[in-house]
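Chain by chain, the residues run as shown.
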Amino acid sequence: MSHPSLPEEAQVDATIKHIIDHAPRTFVNDYERARTELVTLYNKGVRSQWDSVNDLDWSTDVDPEKLVQTTSQPHPTLELVRAAAEVKGSPFAKWTEKEFTKLGIEIYMAQLSQFMHGEQGAMMAAAKIVEVVPWIDAKYYAATQTMDEARHTEVFSRYLFEKLGDAYSINPYLETQITTLMEDGRWDITYLGMQVIIESLALAAFGSLLDTVEEPLLQKLLRYVLADEARHVAFGVLSLREYYQELTDAELKDRQEYLAENTLNSRNRVVDPQLWERAGVDIVAALPSLREAASKQGRGRNVYAAFNRGFLSKLVPNARKIGLIDANDGYLRRLWGEAGLLKFEFADDTASDYETYDFVAQDRAAAAAGDLGGQQTGGR
Ligand SMILES: [Fe+2]
Ligand SMILES: [Fe+2]
């Protein structure tokens, strides 16, 4: 049912968009801490909160050109454009290092902007889970996640506007994904869309960026965000693993189709059209040379293969954990098997290895050890 004062059309103006959600709010009268794994995760989440103002050194001077030039591996899109510049007649042929670097900066801005928008979506999804989930332990955990996501949105936004100077608007694919899961009245769909799918994508994207970036502020920011994200994925798995045992085959089939839809096409990996516009590239003129470069490199549609591997090695094992691969006589096992995705079934287990991602706790332990060492030295 829609609110009488809100128009059904969601777009209000360029800065505000309303999403109408249809989920009943759930007040629980059972305060028993029955779900011990969620209690553990919640305690961990509370302890590992960090401080966006003081734990990151915002006085770091970031030179966007250096950010691009010092990465250990160029972004696949930049690599492809460089290869396209070798193709005869390509509009990139006359580009100098200056233009490639400028495109590199735009790629960072485009990518970090979508992270920022995705984080806001995650903050809203976590807040929605606080309201709709019928378990007290899950409400508590989602409340800590809401705070985590507020911090993530804030730090990506600050990095973009303070250090890179601007941000892109949300891309239509991400916007649709967030809107769809927020509009759904079934509480588990918020989890499945956000904690299981989008957060697995985020873990892969943050991880591959962290592997290549040398700029110290962004590096630390990504490490800390990643530490929180690993817990969020675990939250989704622990909750859905229990809930999906209660659902009927028909209900599970819906969820399996949702996962299939989100893995068997790669709309989420297409290059943001805003990028070409802002970099001053006529994409229609550039496309033939980009295609030729891609096929020459034998990479074709696999330009983002490494990233896809990262995503699937998080997602597929978690789908197994929540029982969605084998439900309905292995409906998803058959679909994913045909697409070659089952090789990831036992790849990486974020449901239990979030401890290894806890860089915040690791840094604090190291700092405490250092302090102790300092005190001992000072005492001598
Ligand atoms: Fe986040
Ligand atoms: Fe998250």
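None of these values were measured; they are calculated from a predicted model. (Residues numbered from 1 in each chain as written. Chains lettered and ligands numbered in written order. Predicted model: local features only at pLDDT ≥ 70, side-chain atom pairs only at ≥ 80, totals over all residues.)

A.B. asks: What's the story with the overall build of the protein in this structure? I'm lost.
C.D. replies: Regarding its fold elements, the protein presents 14 helices and zero strands. Ordered by position in the sequence, the α and β elements of the protein form the string α-α-α-α-α-α-α-α-α-α-α-α-α-α. Per-residue burial over the protein gives 37% buried out of 380 residues. The long-range share in the protein, meaning contacts at least 24 apart out of those at least 6 apart in sequence, stands at 81%. (Helix = DSSP H or I, 4+ residues; strand = E, 2+ residues; numbered from the N terminus. Buried ≥ 20, exposed ≤ 12 C-beta atoms within 10 Å, placed from the backbone. Contact = placed C-beta atoms within 7 Å.)

A.B. asks: What exactly am I supposed to notice about helix α11 (residues 283–296) here?
C.D. replies: An α-helical turn contains 3.6 residues, so any two residues separated by three or four positions project in the same direction. A rise of 1.5 Å per residue sets the reference length of α11, with its 14 residues, at 20 Å; its end C-alpha atoms lie 19 Å apart and thus fit the reference within 8%. Along α11, the residues that are buried comprise Ser289, Leu290 and Ala293. Looking at the buried residues of α11, the elements they touch are α3 (76–84). (Expected span 1.5 Å × (residues − 1).)

A.B. asks: Quick question: what am I supposed to make of the environment of Glu242 here?
C.D. replies: Its location among the elements puts Glu242 in helix α8 (residues 216–243). By C-beta crowding, Glu242 is classed as partly exposed, having 16 other C-beta atoms within 10 Å. Along the primary structure Glu242 and Ile322 are separated by 80 residues, whereas in three dimensions their C-alpha atoms are 7.6 Å apart.

A.B. asks: Sorry, what's going on with the packing of helix α5 (residues 136–164) against α8 here?
C.D. replies: Between two packed helices, what matters for the description is the angle formed by their axes and the separation of those axes. Closest axis-to-axis distance for the α5/α8 pair is 10 Å, and the angle between their directions is 155°. For the element pair α5 / α8, the angle class is roughly antiparallel. Two packed elements cross with a definite hand, and for α5 against α8 that hand is left-handed. Judged by residue contacts, Ala138, Tyr141, Gln145, Asp148, His152, Val155 and Tyr159 of α5 engage Leu218, Leu221, Val225, Asp228, His232, Phe235 and Ser239 from α8. (Axes fitted to C-alpha atoms, helices over the stretch in contact; angles between N-to-C directions. Parallel < 35°, antiparallel > 145°, perpendicular 65-115°, else oblique. Left-handed = near helix turned anticlockwise from the far one by under 90°.)

A.B. asks: How should the confidence of the model for the protein be read in this particular structure?
C.D. replies: Parts of the prediction with low pLDDT should not have their coordinates interpreted in detail. Predicted confidence across the protein gives a mean pLDDT of 88, with 90% of residues reaching 70 or more. Within the protein, the element-level pLDDT minimum falls on helix α14 (residues 359–379), averaging 72, and the maximum on α5, averaging 98. Note on residues 375–380: pLDDT under 50 across the span, and zero contacts to partners over four residues away in sequence or across chains. (pLDDT = per-residue confidence, 0-100.)

A.B. asks: Would you take a moment to explain unusual backbone geometry for this structure?
C.D. replies: Even without being a glycine, Asn328 presents a positive backbone phi close to 50°. By the element assignment, Asn328 lies in helix α13 (residues 327–338). The backbone phi angle of Asp329 is positive, close to 50°, even though this residue is not glycine. Here Asp329 lies in helix α13. Residue classification places Asp329 among the exposed residues on the basis of 8 C-beta atoms within 10 Å.

A.B. asks: Which parts of the structure should I look at to understand the environment of Ala93?
C.D. replies: The residue Ala93 is located in the loop between α3 and α4 (97–132) in this model. Expressed as a C-alpha distance, the spacing of Ala93 and Ser289, which sit 196 residues apart in the sequence, is 9.8 Å.

A.B. asks: What is the right way to read the packing of α4 against helix α7 (residues 187–212) from this model?
C.D. replies: Axis separation between α4 and α7 bottoms out at 10 Å; the angle between their running directions is 150°. As judged from the angle between their axes, α4 and α7 are roughly antiparallel. Remark: the crossing between α4 and α7 carries left-handed chirality. Facing α4, whose interface residues are Gly118, Ala122, Ala125, Lys128, Ile129 and Val132, α7 presents Trp187, Thr190, Tyr191, Met194, Ile198 and Ala202. Looking at side-chain class alone, the contact of α4 with α7 contains nine nonpolar, two polar and one charged residues. (Nonpolar A, V, L, I, M, F, W, Y, C, P; charged D, E, K, R; others polar.)

A.B. asks: Explanation requested: the environment of Asn29 in the structure shown.
C.D. replies: Summarising the element assignment, Asn29 is placed in the segment before α1 (36–47). Counting along the chain gives 106 residues from Asn29 to Trp135, while the straight-line C-alpha distance between them is 9.6 Å.

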